[in-house]
Amino acid sequence: MNNPTTDAASATARRLLIVGPPGAGKGTQAVRVAEELGIPAISTGDIFRANVSGETELGVLAKSYMDKGEYVPDSVTNDMIRSRLAEADAQEGFLLDGYPRTLDQVEALDGMLAEADTSLDMVLLLVVETEEVIGRLVARGAEQGRSDDTEETIRHRLEVYADQTAPLIDVYEKRGLVRRVDGMASIDEVTAALREALAGR
Ligand code: AMP
């Protein structure tokens, strides 16, 4: 007889990316969705910020890029994700937030998953308007004091996103993995829409 737990798990997408521009709400939604699915939400930005606070070697390096709104070099970011995905809690699924962000990172992730004999199930894309995200990020900068949430850096981060990260959507689109969700709705509505997308509705 089939194991019902395994069947239930295999029916739900569990190797996931959440993508969208800075300020789209990826972090907020990733935590909620991952909790519902019982998988870890893995945010490269959060891991870098924890290293910055802990004043590790990685943190010192990452900060020099983050403060300018530039991407941390691919080799550094890829190595960091490789070790995070090797941890026990990520073996049955994960929701990556903020990774991959470049074509080199897409290839690196493909390689890591192929080595583990797995692949991505779905790419959740949060669709938002640029002026709205600038407003959100300026507000977050004032509330949380994130050093990269100043208006000048925000504009640069959006340019870097358009240049280096938006093209990834096409790559995943060609693989048939992208599900678009309106990121302009309320936090609860976006979570509900993501749940629907994951259920294949
Ligand atoms: P986030 O919290 O996702 O907005 O990330 C904040 C900053 O961390 C970014 O502006 C980059 O400097 C750095 N960062 C986060 N994820 C990546 C990544 N996948 N590749 C390179 N840099 C990253």
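Residues numbered from 1 in each chain as written. Predicted model: local features only at pLDDT ≥ 70, side-chain atom pairs only at ≥ 80, totals over all residues. Heavy atoms only, no water.

- Labelled according to an unreviewed UniProt entry, the protein appears under the name Adenylate kinase, originating from Brachybacterium faecium.
- Quoted straight from UniProt, the Sequence similarities (unreviewed entry) entry for the protein says "Belongs to the adenylate kinase family."
- For the record of the protein, the UniProt heading Subunit (unreviewed entry) holds the text "Monomer." (UniProt positions renumbered as here; feature names shortened; annotations may be inferred.)

### Regarding the overall build of the protein
Here comes step 1: Looking only at helices and strands, one finds 9 helices and 5 strands in the protein.
Here comes step 2: Start at the N end of the protein and walk to the C end: the helices and strands fall as α-β-α-β-α-α-α-β-α-β-α-α-β-α.
Here comes step 3: Its C-alpha radius of gyration of 17 Å places the protein within 12% of the 17 Å reference for a compact globule of 201 residues.
Here comes step 4: Taken along its principal axes, the extent of the C-alpha atoms in the protein is 60 × 35 × 30 Å.
Here comes step 5: Taken across its 201 residues, the protein has 43% of its residues classed as buried.
Here comes step 6: Within the protein, contacts between residues separated by at least 24 positions form 73% of all contacts whose residues are at least 6 apart in sequence.
Here comes step 7: Counting every atom, the protein has about 10,500 Å² of accessible surface; 50% of that belongs to carbon and sulfur.
Here comes step 8: The distance from the centre of the 21 positive side-chain charges to the centre of the 36 negative ones in the protein is 2 Å. (Helix = DSSP H or I, 4+ residues; strand = E, 2+ residues; numbered from the N terminus. Rg over C-alpha atoms; globule rule 2.2 N^0.38 Å. Buried < 20%, exposed > 50% of the residue type's maximum accessible area, 1.4 Å probe, protein only. Contact = heavy atoms within 4.5 Å. Areas by Shrake-Rupley, 256 points an atom, 1.4 Å probe, with all protein chains shown as cover. Lys, Arg positive; Asp, Glu negative; His and termini not counted. Charge placed at Lys NZ, Arg CZ, Asp CG, Glu CD.)

### Examining the site of the ligand
Here comes step 1: Taken together, 16 residues lie near the ligand, and T44, R49, E70, G98 and R101 sit nearest.
Here comes step 2: Contacts to the ligand include G98, whose backbone N or O atom sits 2.8 Å from a nitrogen atom.
Here comes step 3: Contact with the protein chains covers 96% of the free accessible surface of the ligand, which is 480 Å².
Here comes step 4: At 4 residues, the largest contribution of residues to the shell around the ligand is made by helix α3 (residues 44-53).
Here comes step 5: Within the shell around the ligand, the residues separate by chemical class into 5 nonpolar, 5 polar and 6 charged. (Near = heavy atom within 4 Å. Polar contact = N/O pair within 3.5 Å; in protein donor to acceptor, adjacent residues only side chain to side chain. Nonpolar A, V, L, I, M, F, W, Y, C, P; charged D, E, K, R; others polar.)

### Observations regarding helix α6 (residues 103-115)
Here comes step 1: Taking 1.5 Å per residue as the helical rise, α6 with its 13 residues ought to reach 18 Å, and the 19 Å between its terminal C-alpha atoms agrees with that figure.
Here comes step 2: Every buried residue of α6 is listed here: Q105, V106, A108, L109, M112 and L113. Burial along α6 is one-sided: seen end-on, the buried residues are contained in an arc of 165 degrees. Opposite the packed face of α6, turned more than 90 degrees from it, sit the exposed residues E107, A114 and E115.
Here comes step 3: Contacts made by the buried residues of α6 are with β1 (15-19), α5 (74-85), β3 (94-97) and α8 (151-174).
Here comes step 4: Remark: D117 follows α6 within two positions and exhibits a positive phi of approximately 65 degrees. (Expected span 1.5 Å × (residues − 1). Arc of directions from axis to C-beta.)

### As for the packing of α5 against α6
Here comes step 1: Between α5 and α6, the least distance of the axes is 10 Å, while the angle of their chain directions is 25 degrees. As summarised for this structure, α5 and α6 are arranged roughly parallel, according to the angle between their axes. Remark: the crossing between α5 and α6 carries right-handed chirality. Residues D74, T77, N78, I81, R82 and L85 of α5 form the contact with α6, whose participating residues are D104, Q105, A108, L109, M112 and E115. (Axes fitted to C-alpha atoms, helices over the stretch in contact; angles between N-to-C directions. Parallel < 35°, antiparallel > 145°, perpendicular 65-115°, else oblique. Left-handed = near helix turned anticlockwise from the far one by under 90°.)

### A look at the side chain of T102
Here comes step 1: Examined against the element boundaries, T102 turns out to sit in the loop between β3 and α6.
Here comes step 2: On the basis of relative accessibility, which here comes to 7%, the residue T102 falls in the buried class.
Here comes step 3: Discounting chain neighbours no more than four positions away, the residues touching T102 are Y71, D74, Q164 and L168.

### Observations concerning the UniProt feature "binding site: ATP" (unreviewed entry) in the protein
Here comes step 1: UniProt feature "binding site: ATP" (unreviewed entry): in the numbering of this structure it lies at G23, A24, G25, K26, G27, T28, R140 and A185.
Here comes step 2: Its place among the elements puts K26 in helix α2 (residues 26-37).
Here comes step 3: For K26, the residues in contact, after removing those within four places along its chain, are I18, V19, G20, P21, D97, G98 and L126.
Here comes step 4: With respect to the helices, strands and loops of the structure, A185 is situated in the loop between β5 (178-182) and α9 (187-198).

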